[in-house]
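Spelled out from the first residue to the last, the chains are:
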Amino acid sequence: MFSLSFLTLFITLIDWYILLIFLMFIMFYMMVSFNMLDWFSMVSYMFGGDILSFSLIILSFWIIFLMVLASSLVYKNMTYYSEFMFMNVLLLIFLMFSFSVNNLFMYYLFFECSLIPTLILIFGWGYQPERLMAGYYLLFYTLFFSLPMLLGIFYINNFCFSMFYFLIYVDYNFYLYISMLLAFLAKMPMIFIHFWLPKAHVEAPISGSMILAGVLLKLGGYGIMRVFFFMKSYYFNYLFLSISLFGIFMVGILCMFQIDMKSLIAYSSVAHMGMVICGLMCMNMLGMIGSLILMIGHGLCSSGMFCLANIAYERSSSRSIFINKGLLTFMPSMCLFWFLLMINNMASPPSMNLLGEILLINSIISWSSISFFYLMFASFMGCLYSIYLYSSINHGLIYKGLLCGYYGYYIEFYLLFLHWLPLNIFFLKIDIISLLVF
């Protein structure tokens, strides 16, 4: 944390490549020095962590590193490059604080702070004038649902005289339950309060889309897990379980109507996060472990898909599926990465998405066997819209209006490979996540 804070002071003097190496160095240092234990460890003042915290911190480092790598045009064109780097490092600091504090109010504070750099990324480096409306949607959805949570936190502090996660024990009712959960459900987002997400994704630059899909949606799942530490609540969970089960089925159908690449990928994120909400609301061990695995897998996979959409956008200056046809003709190797990330998105082996979905499906069916009907259609639709996007982009006749087409750069293949590798390799060492004990 100190090294990142120190880095922000000298961000204008540091070269793009040096920053990349520095971020990678800090991440690997954390991976070898942190204790991956099954209890809350390395506690000092208000910081500490367990498997849940450390895995999401490492995911944040990885995605921010790839964000900088994907935004090479910002560096090449020098479009406020120093400010862009400052926003990325500031966002990383806020995310690291969010995942490592053990104080409920401090988590709320950094949870809201992470909104500011994201908003500036969308406003400053977005593409269309509609980015202003998309930013307002993001801001007001989050703030509107966060105010009841702040009041709930004040109540808990008044009741328990502590904000430390493991010292809170509160006798809750429906109003406290709703106030503590709504902010996280809007952030994930749950169906019916998801309208800000497709807008924000479509108008954000590639870096904004990557961090939104990769890490910021996971703040909601992390918050629900932390709140469920002290609110052993299962009386009202059936409400959100029912809505999310219906949602993942409906969003799958909605994806088939999309003609915008980024919009389709954004709606698929809503479907995956709906399944995570279902797993968390089941309140059992399989659901908690499966949610974390799927959150990490989805963060890598969805971020990689946005990178592919951006690569196609840089060639054709359009996100439309109709214009970006026949990419297989002049970008065959890139087509391989489309294939790899699409089959990961539909949860095929050996991917973290598959293991996460298997655990979550077991968890949800253990809650109610009737839910198999929705899960069956949701899985089928997930496969369907992934194949639809892949075949629409890579097959068919090339749009005649394209003046030229050029092959992928080395840095783009490197970027996509770094998304795909942990997604399929960490599958072999997933037993670390199973240490997550509640």
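This text follows the structure it describes.
Residues numbered from 1 in each chain as written. Predicted model: local features only at pLDDT ≥ 70, side-chain atom pairs only at ≥ 80, totals over all residues. Heavy atoms only, no water.

Student: It is not clear to me how the overall build of the protein should be interpreted in this structure. Could you clarify?
Tutor: Of the regular secondary structure elements, the protein holds 19 helices and 2 strands. Expected size for 438 residues packed as a compact globule is a radius of gyration near 22 Å; at 21 Å, the protein falls within 12% of this value. Counting only C-alpha atoms, the protein reaches 65 × 55 × 40 Å along its principal axes. Looking at the protein as a whole, 62% of its 438 residues qualify as buried. Long-range contacts, defined here as pairs at least 24 residues apart, represent 81% of the contacts in the protein between residues at least 6 apart. (Helix = DSSP H or I, 4+ residues; strand = E, 2+ residues; numbered from the N terminus. Rg over C-alpha atoms; globule rule 2.2 N^0.38 Å. Buried < 20%, exposed > 50% of the residue type's maximum accessible area, 1.4 Å probe, protein only. Contact = heavy atoms within 4.5 Å.)

Student: What should I look at first to understand the packing of aromatic side chains in this one?
Tutor: Between two aromatic rings, the relevant description is the distance of the centres plus the angle of the planes. Counted under the stated rule, the structure contains 35 aromatic pairs. Seen from their ring centres, tyrosine 165 and phenylalanine 166 are 6.4 Å apart, and the 90° between their planes marks the pair as edge-to-face. Residue classification places tyrosine 165 among the buried positions, given a relative accessible area of 1%. Ring centres of tyrosine 410 and tyrosine 414 lie 6.3 Å apart, and the angle between their planes is 5°; on these two criteria the pair is classed as stacked. Highlighted residues: tyrosine 410 and tyrosine 414, both in helix α19 (residues 410-425), separated by 4 residues, approximately one helical turn. According to the relative accessible area criterion, tyrosine 410 is exposed, its value standing at 68%. Clustering of aromatic rings is evident, with ring pairs tying together Phe99, Tyr107, Phe111, Phe184 and Tyr222. Taking the ring centre of phenylalanine 111 as reference, the NZ or CZ of lysine 187 above it sits at 5.7 Å. (Phe/Tyr/Trp six-rings, centres within 6.5 Å; stacked < 30°, edge-to-face > 60°. Lys NZ or Arg CZ within 6 Å of the ring centre and 35° of its normal.)

Student: Would you mind going over the environment of leucine 418 with me for this structure?
Tutor: Tracing the backbone through its elements, the reader meets leucine 418 in helix α19. Measuring from C-alpha to C-alpha, the distance between leucine 418 and isoleucine 63 comes to 9.7 Å, with 355 residues separating the pair along the chain. With residues near it in sequence (within four places) discarded, leucine 418 still touches Trp62, Phe65, Leu66 and Leu69.

Student: Would you mind going over the nonpolar core with me for this structure?
Tutor: As a rule of thumb, soluble globular proteins bury nonpolar side chains together. Residues Leu4 and Met180 are the most contacted members of the largest nonpolar core, which totals 169 residues. Residue contributions to this core peak at 17 residues, all from helix α3 (residues 51-70). In contact with methionine 180, other than residues within four places in its own chain, are Leu104, Met149, Gly152, Ile153, Ile156, Val227, Phe230 and Met231. (Core = buried A, V, L, I, M, F, W, Y, C linked by side-chain atoms within 4.5 Å.)

Student: Can you walk me through unusual backbone geometry in this structure?
Tutor: Glycine aside, a negative phi is what most residues show, and trans is what most peptide bonds show. Going from methionine 188 to proline 189, the amide bond is cis rather than trans, its omega being -10°. Tracing the backbone shows proline 189 in the loop between α9 (174-187) and α10 (196-203). Residue proline 349 is joined to proline 350 through a cis peptide bond whose omega torsion reads -5°. Topologically, proline 350 is positioned in the loop between α16 (332-345) and α17 (352-367).

Student: Any chance you could explain helix α12 (residues 237-255) here in plain terms?
Tutor: Each α-helix winds once per 3.6 residues, and so residues spaced three or four apart point in a common direction. Taking 1.5 Å of rise per residue, 19 residues should cover 27 Å, and α12 covers 27 Å from first to last C-alpha, within 8% of that figure. Within α12 the residues assigned to the buried category are Asn237, Phe240, Leu241, Ser244, Leu245, Gly247, Ile248, Phe249, Val251, Gly252 and Cys255. Buried residues along α12 sit in contact with α9, α11 (206-230), α13 (261-281), α17 and α18 (372-394). (Expected span 1.5 Å × (residues − 1).)

Student: Hey, could you run me through the packing of helix α2 (residues 16-33) against α3 in this one?
Tutor: For the pair α2 and α3, interaxial distance at closest approach is 10 Å and the crossing angle is 165°. On the basis of their axis angle, the class for α2 and α3 is roughly antiparallel. Crossing of α2 against α3: the hand is left-handed. Packed against α2, whose contacting residues are Trp16, Leu20, Leu23, Met24, Ile26, Met27, Met30 and Met31, the element α3 presents Ile57, Ile58, Phe61, Trp62, Ile64, Phe65, Val68 and Leu69 at the interface. Residues that form the contact of α2 with α3 fall into these classes: 16 nonpolar, no polar and no charged. (Axes fitted to C-alpha atoms, helices over the stretch in contact; angles between N-to-C directions. Parallel < 35°, antiparallel > 145°, perpendicular 65-115°, else oblique. Left-handed = near helix turned anticlockwise from the far one by under 90°. Nonpolar A, V, L, I, M, F, W, Y, C, P; charged D, E, K, R; others polar.)

Student: So what exactly am I meant to see when it comes to the packing of helix α6 (residues 104-113) against helix α8 (residues 131-160) here?
Tutor: Between two packed helices, both the angle of their axes relative to each other and the distance between the axes serve to describe the pair. Here α6 crosses α8 at 165°, and the two axes come no closer than 10 Å. It follows that α6 is roughly antiparallel to α8 by the angle criterion. Classified by chirality, the crossing of α8 by α6 is left-handed. Contact residues: α6 offers Leu104, Phe105, Tyr108, Phe111 and Glu112, while α8 offers Thr142, Leu143, Ser146, Leu147, Met149, Leu150, Ile153, Phe154 and Ile156. When the residues that make up the contact of α6 with α8 are grouped by side-chain class, the tally is 11 nonpolar, 2 polar and 1 charged.

Student: Help me understand the pairing of strand β1 (residues 41-44), please; the structure alone is not making it clear to me.
Tutor: Within a regular strand, side chains alternate between the sheet's two faces. Relative to strand β2 (residues 47-49), β1 runs antiparallel, the two being bridged by 2 bridges. Residue pairing across strands places serine 44 opposite phenylalanine 47, the latter belonging to β2. (Pairing = 2+ DSSP bridges.)

Student: What exactly am I supposed to notice about α16 here?
Tutor: Compared with an ideal rise of 1.5 Å per residue, which puts 14 residues at 20 Å, α16 spans 20 Å between its outermost C-alpha atoms and is within 8% of the ideal. Buried within α16 we find Met334, Cys335, Phe337, Trp338, Leu340, Leu341, Met342, Asn344 and Asn345. Looking at the residues trailing α16, positive phi occurs at alanine 347, about 60°.

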